[in-house]
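Overview (structure and organization)
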Amino acid sequence: MSDAGKETAHRILVIDDNPSIHKDFETTLVEDEMNTSLNTLRTEVFGERLAGDHTAKNTYELDFASQGEQGCEKIQLACTQGRPYELAFVDMRMPPGWDGLKTIEQLWRIDPNVQVVICTAYSDYTWEEITTRLGKSQNLLILKKPFDSAEVAQLASALTEKWVLARQASLKNEQLERMVKERTDELAGINEQLKIEIAEREQAQQGQIELIKTVDNVNRELKDFVSIVSHDLKAPLRGIKTLATWVLDDSSDKLGEQASEQMNLLLDRVERTYKLIEGVIEYSRAGRTEERPLRVELDKFIPEAIDMLAPPENISITIENEMPVVDCEETHLMQLFQNLLSNAIKYMDKPQGWIKVACIEQDGFWKFSVADNGPGIEEKHFERIFKMFAALSVTDEFKGTGIGLTVAKKIVELHGGDIWVESEVGKGSTFFFTLPRQGKGVKNAKIQANTAC
């Protein structure tokens, strides 16, 4: 048999002490090489098999052993070479060596998957005795001698095919087990990575909690500090103002012009210091209020802010177009509009002043503007005016604290917007700020407040 044929042939081992039995198995199971060539030639010439030749024989590779010990050695060698036997025909009596049962016991210790047919002409052992020693196995059959060649061929065909199917199933199970193990190992690795990530996240969250606690404590201490400082600074100022007022009221005729001027200057400085303290407190509170955002209709809200400012009659304030609805804290909005509007009012230097409030939608934001025809601001001060205590003294009548625009900037930035100014000296200024576009509702009415006569 060629090497290629050996690779595809079913391997069968016959263990019998009678050489004539070996010959019988060879005659029954191994196709004669000459007949094989002749059948092949017939097929090529006639295109089909001759009558009576309906099925092709299976291809078998037979090996023979005369004793059980020799048979087990062949079984061991075949397993070592990776070409195990599929079927073994084992004679029951093989003097002077092992009998069939002992041979099968040793054979299955080496290769438990090999199919076995016991060949016997005598009732040496009952079936119960056989199963007691070998156990109940699906890999064991008994063939009585003398046996029929057709019966031998059927057993060989069925049992070798059974072995092939069992081996395929075993390989498939091994493949599945390997895939399951690989997937299990992969999932275990992912699970370990997730555990690490969860631990890191929990650690980060704990760090955030500790940081929030620290910030809350700092804010609480800052709030307490501001309240204490406010009380401790305002109390002496009130005392100074009260005493200075009493002196002016009771002794103005005795002080003289220069002394009275100095006392009035003292009162002015006290008032400015008082406003400065209020501004610092207002700035410290911006962004720390616990007020919940509300939907605010600005077309109603802005006129209320204007009325609270009570602008003089020579200054008109108009709302130029429809105002949107925004989601924001009302206190912040009130501070923002009042600071911008009050600055425009207080710095107005024209006999007839005007202030115009407008809004447009731009790039996902509401862009607001507060324009006036006041004195204007030099370009070099455009950034400086938004810094703490950076007030511009453009008139002798009013000197600001330099906090109002700082508070406005802080509020706008807390809500994700921006604030800036455009101005021309002598013609006026326009302050712009943006808020994220959230509310969509607007009213189709132009609102005008406190129009000059």
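Report on the accompanying structure. (Residues numbered from 1 in each chain as written. Predicted model: local features only at pLDDT ≥ 70, side-chain atom pairs only at ≥ 80, totals over all residues. Heavy atoms only, no water.)

With that out of the way, let us pick up the overall build of the protein chain. Within the protein chain, the regular secondary structure consists of eleven helices and 13 strands. For the protein chain, with 453 residues in total, the buried portion stands at 35%. Residue pairs at least 24 apart in sequence account for 75% of intrachain contacts in the protein chain once pairs closer than 6 positions are excluded. In the form shown here, the protein chain has an accessible surface area of approximately 27,600 Å², with 52% of it arising from carbon and sulfur atoms. (Helix = DSSP H or I, 4+ residues; strand = E, 2+ residues; numbered from the N terminus. Buried < 20%, exposed > 50% of the residue type's maximum accessible area, 1.4 Å probe, protein only. Contact = heavy atoms within 4.5 Å. Areas by Shrake-Rupley, 256 points an atom, 1.4 Å probe, with all protein chains shown as cover.)

Turning our eyes to something else, we now look at the packing of aromatic side chains. Tallied over the entire structure, the rule returns seven aromatic pairs. Judged by centre distance (4.6 Å) and plane angle (45°), the ring pair of Phe-25 and Phe-89 falls under tilted. Of the two residues, Phe-25 is situated in helix α2 (residues 19–29) and Phe-89 in strand β3 (residues 87–91); the sequence distance between them amounts to 64 residues. Both residues of the pair, Phe-25 and Phe-89, count as buried. Each ring, one from Phe-386 and one from Phe-431, has its centre 6.2 Å from the other, and the planes form 80°; the classification is edge-to-face. Of this pair, Phe-386 sits in the loop between β10 (365–372) and α11 (404–414) while Phe-431 sits in strand β12 (residues 428–436), and the two are 45 residues apart along the sequence. Aromatic ring contacts, followed pair by pair, group Phe-25, Phe-89 and Phe-147 into a single cluster. Note that Arg-11 overlies the ring of Tyr-85, its terminal NZ or CZ placed 4.4 Å from the centroid. Positioned above the aromatic ring of Phe-432 is the side chain of Lys-367, whose terminal nitrogen or guanidinium carbon lies 5.0 Å from the ring centre. (Phe/Tyr/Trp six-rings, centres within 6.5 Å; stacked < 30°, edge-to-face > 60°. Lys NZ or Arg CZ within 6 Å of the ring centre and 35° of its normal.)

On to unusual backbone geometry. Residues Pro-95 and Pro-96 are joined by a peptide bond in cis, for which omega reads 5°. Secondary-structure assignment places Pro-96 in the loop between β3 and α5 (100–110). Positive phi values are uncommon outside glycine, yet Ala-310 reaches one of about 50°. Structurally, the position occupied by Ala-310 is in the loop between α9 (298–309) and β7 (315–319). Even without glycine at this site, Asp-363 takes up a positive phi of about 55°. Within the secondary structure, Asp-363 is located in the loop between β9 (353–362) and β10.

What follows covers a nonpolar patch on the surface. A surface patch of nonpolar side chains, about 340 Å² in accessible area, is lined by Leu-187, Ile-190, Leu-194 and Ile-198. Note on placement: Leu-187 falls in helix α7 (residues 149–255). (Patch = residues over 30% accessible without salt bridge, like charges linked within 9 Å, V, L, I, M, F, W, Y side chains within 5 Å. Salt bridge = Lys/Arg side-chain N within 4 Å of Asp/Glu carboxyl O.)

Leu-298, Leu-333, Phe-337, Phe-368 and Phe-433 are the most contacted members of the largest nonpolar core, which totals 39 residues. A total of eight residues in this core trace back to one element, the largest contributor, which is helix α10 (residues 330–346). For Phe-433, the contacting residues outside a window of four places in its chain are Leu-336, Phe-337, Leu-340, Trp-366, Lys-367, Phe-368, Val-412, Asp-418 and Ile-419. By size, the runner-up hydrophobic cluster in this structure holds 21 residues, among which are Ile-75, Met-94, Ile-104 and Val-114. (Core = buried A, V, L, I, M, F, W, Y, C linked by side-chain atoms within 4.5 Å.)

On the basis of which strands lie adjacent, the open sheet formed by five strands has the order β2-β1-β3-β4-β5 and parallel pairing. The strands lining the two open edges of the sheet, one partner per strand, are β2 (60–65) and β5 (140–144). Pairwise comparison of adjacent strand axes, ignoring direction, gives a mean angle of 20° for this sheet. When strand β1 (residues 10–15) meets β3, the two strands line up parallel, connected through four bridges. Counterpart to Ile-15 in the pairing with β3 is Val-90. Taken strand by strand, helix α4 (residues 68–81) contacts β1 and β2, and its axis lies near 160° from that of β1. (Pairing = 2+ DSSP bridges. Axes fitted to C-alpha atoms, helices over the stretch in contact; angles between N-to-C directions.)

Considering the arrangement of structural elements, one finds Gly-100 in helix α5. For the pair Gly-100 and Val-90, spaced ten residues apart in the sequence, the C-alpha separation amounts to 6.1 Å. Setting aside anything within four residues of it in sequence, one finds Gly-100 in contact with Val-90, Asp-91, Met-92 and Met-94.

Let us now look at the packing of α4 against α5. Between α4 and α5, whose axes approach to 9 Å, the crossing angle comes to 10°. Accordingly, the angle class assigned to the pair α4 and α5 is roughly parallel. Taking contact as the criterion, the partners of Gly-68, Cys-72, Ile-75, Gln-76 and Cys-79 in α4 are, on α5, Thr-103, Gln-106, Leu-107 and Ile-110. Looking at side-chain class alone, the contact of α4 with α5 contains five nonpolar, four polar and no charged residues. (Parallel < 35°, antiparallel > 145°, perpendicular 65-115°, else oblique. Nonpolar A, V, L, I, M, F, W, Y, C, P; charged D, E, K, R; others polar.)

Where α11 is concerned, the buried positions are Leu-405, Thr-406, Val-407, Ala-408, Ile-411 and Val-412. Phi turns positive, to about 80°, at Gly-416, one or two residues after α11.

At their nearest, the axes of α5 and helix α6 (residues 127–134) sit 10 Å apart, and the two run at 30° to each other. In this view, α5 runs roughly parallel relative to α6, as classed from their interaxial angle. Remark: the crossing between α5 and α6 carries right-handed chirality. Packed against α5, whose contacting residues are Leu-101, Lys-102, Ile-104, Glu-105 and Trp-108, the element α6 presents Ile-130, Arg-133 and Leu-134 at the interface. Counted by class, the contact of α5 with α6 contains five nonpolar, no polar and three charged residues. (Left-handed = near helix turned anticlockwise from the far one by under 90°.)

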